[in-house]
Amino acid sequence: MNIVNKLLGYVDLKITSASMAKKNSQSVEKNLKLISEFYRKSISNKNSLNPYITGIVFSKDRAMQLHALLNSYFHYTKNAAPLFVLFTYSSTEHENAYQILKNEFSSFSVTFIPESNFRSDLQNLIRSINADRVFFMTDDAVFVSEYDLNNCLQFNPIDYIFSLRLGRDFDFCYTYNITQKIPEFLIVESGKDQLNSWIWNDMKGSPDWIYPLSVDATVFYKKEIEVLLNIMPFKTPNSLEAMLQQYNSLFLYRVGICYSNTKYINIPCNIVQTEYENVSTNLFSTNQLLHIFLNGKRINWHFPSHLKPREVQLIEYSFI
């Protein structure tokens with residue numbers, strides 16, 4: 001609560017744990033708008049932000065899938081940011097798999113943090129990060145092509161939201177099983193790594209393109225996320241993302257930025273939580289992948305470059 005009170009002190013507001021529980025969503029949103037305005041004034045010059053980025057990965061019982069994510073991230077990402085993996089497991093076998101994975105990535109800039117209480121662990125982790133930009137990832141995703149993460153540094157995250165999960169090829173919404181329109185982009189930067197912009201709020205009817213508060217490879221201003229984490233109730237990555245949607249109006253009118261080709265794609269082949277009825281192909285259970293992993297095989301995460309995001313989402317893993 002200290003950071004919230006400190007920031008709100010600039011606008012003559014005070015929030016305590018007791019009073020926070022009594023405030024309705026309109027009141028909370030009003031406070032956040034004031035905080036957002038404070039941020040806007042304080043970092044209106046993008047050069048006032050430090051040039052550092054940090055990634056946080058959420059993982060449960062998916063050492064095999066996490067292996068594919070981490071390998072693909074470090075293979076395809078130029079100027080890769082350091083990662084923290086906040087992980088939990090449901091059995092000794094899954095715990096052993098994470099230990100094996102940790103050993104395999106001992107030479108990479110990855111820190112593994114065993115989860116005890118997701119909300120407080122994430123709050124403490126965010127608080128400890130020095131980078132001004134942060135992004136989240138989930139363990140059931142992979143990177144599919146090369147890109148330079150430093151390209152996001154030219155955009156002030158109070159005005160722009162940089163997404164690696166979207167691209168001009170992202171014209172199908174897996175969650176709703178519908179084709180979706182893509183924006184009429186403005187080209188921000190041409191060349192090998194073309195960057196494209198749109199306004200999130202202009203894309204009503206396209207679920208993925210009007211969804212800025214995703215925990216999948218979206219770059220945020222760290223201090224802003226820190227404030228949100230301190231005022232929201234959540235228990236898992238799924239409820240975290242659900243609670244974030246209460247504050248969509250603070251982000252919808254910002255400019256979205258993406259590459260022409262999607263860089264990061266979820267492959268929803270199983271489900272590890274019970275809070276929400278997420279859609280899954282159910283091609284592999286976590287225990288099936290666990291036993292394959294413990295037998296020394298790994299997901300072949302080098303997917304053919306011609307595949308569209310929809311095809312990658314539905315892919316059946318092969319192993320090497």
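This text goes with the structure placed above it.
A few points on the structure. (Residues numbered from 1 in each chain as written. Predicted model: local features only at pLDDT ≥ 70, side-chain atom pairs only at ≥ 80, totals over all residues. Heavy atoms only, no water.)

So, about the pattern of salt bridges. Between side chains of opposite charge, a pair can form when the charged atoms approach closely. The full count for this structure, using the stated rule, is 7 salt bridges. Notably, a salt bridge pairs Arg62 with Asp139, separated by 2.8 Å at the nearest N-O pair. In this pair, Arg62 is assigned in the loop between strand E1 (53-60) and helix H4 (63-76) and Asp139 in the loop between strand E5 (133-138) and strand E6 (141-143), connecting sequence segments 77 residues apart. We classify Arg62 as buried; its relative accessible area is 7%. A relative accessible area of 2% places Asp139 in the buried class. Among the salt bridges present, the one from Arg62 reaches Asp140, with a minimum N-O distance of 3.7 Å. Taken as a pair, Arg62 in the loop between E1 and H4 and Asp140 in the loop between E5 and E6 lie far apart in primary sequence, 78 residues in all. On the basis of relative accessible area, Asp140 is assigned to the buried category, the value being 11%. (Salt bridge = Lys/Arg side-chain N within 4 Å of Asp/Glu carboxyl O. Helix = DSSP H or I, 4+ residues; strand = E, 2+ residues; numbered from the N terminus. Buried < 20%, exposed > 50% of the residue type's maximum accessible area, 1.4 Å probe, protein only.)

Counting across every chain of the model gives 26 aromatic pairs. Ring centres of Phe143 and Tyr264 lie 5.3 Å apart, and the angle between their planes is 70°; this geometry places the pair in the edge-to-face category. Here Phe143 is found in strand E6, whereas its partner Tyr264 is found in strand E15 (residues 264-266), with 121 residues between them in sequence. Ring geometry for Phe162 versus Tyr259: centroids 5.7 Å apart, planes at 75°, classification edge-to-face. Placement of the pair is Phe162 in strand E8 (residues 160-163) and Tyr259 in strand E14 (residues 255-259), with a sequence separation of 97 residues. Classification of Phe162 by relative accessible area gives buried; the value is 4%. Among the aromatic residues, those joined into a cluster by ring pairs are Tyr73, Phe74, Phe105, Phe108, Phe135, Phe143, Tyr147, Phe155, Tyr160, Phe162, Tyr259 and Tyr264. Residue placement shows Lys263 over the ring face of Tyr259; its charged tip is 5.1 Å from the ring centre. The residue whose ring lies beneath Arg298 is Phe293, and the NZ or CZ to ring-centre distance is 3.6 Å. (Phe/Tyr/Trp six-rings, centres within 6.5 Å; stacked < 30°, edge-to-face > 60°. Lys NZ or Arg CZ within 6 Å of the ring centre and 35° of its normal.)

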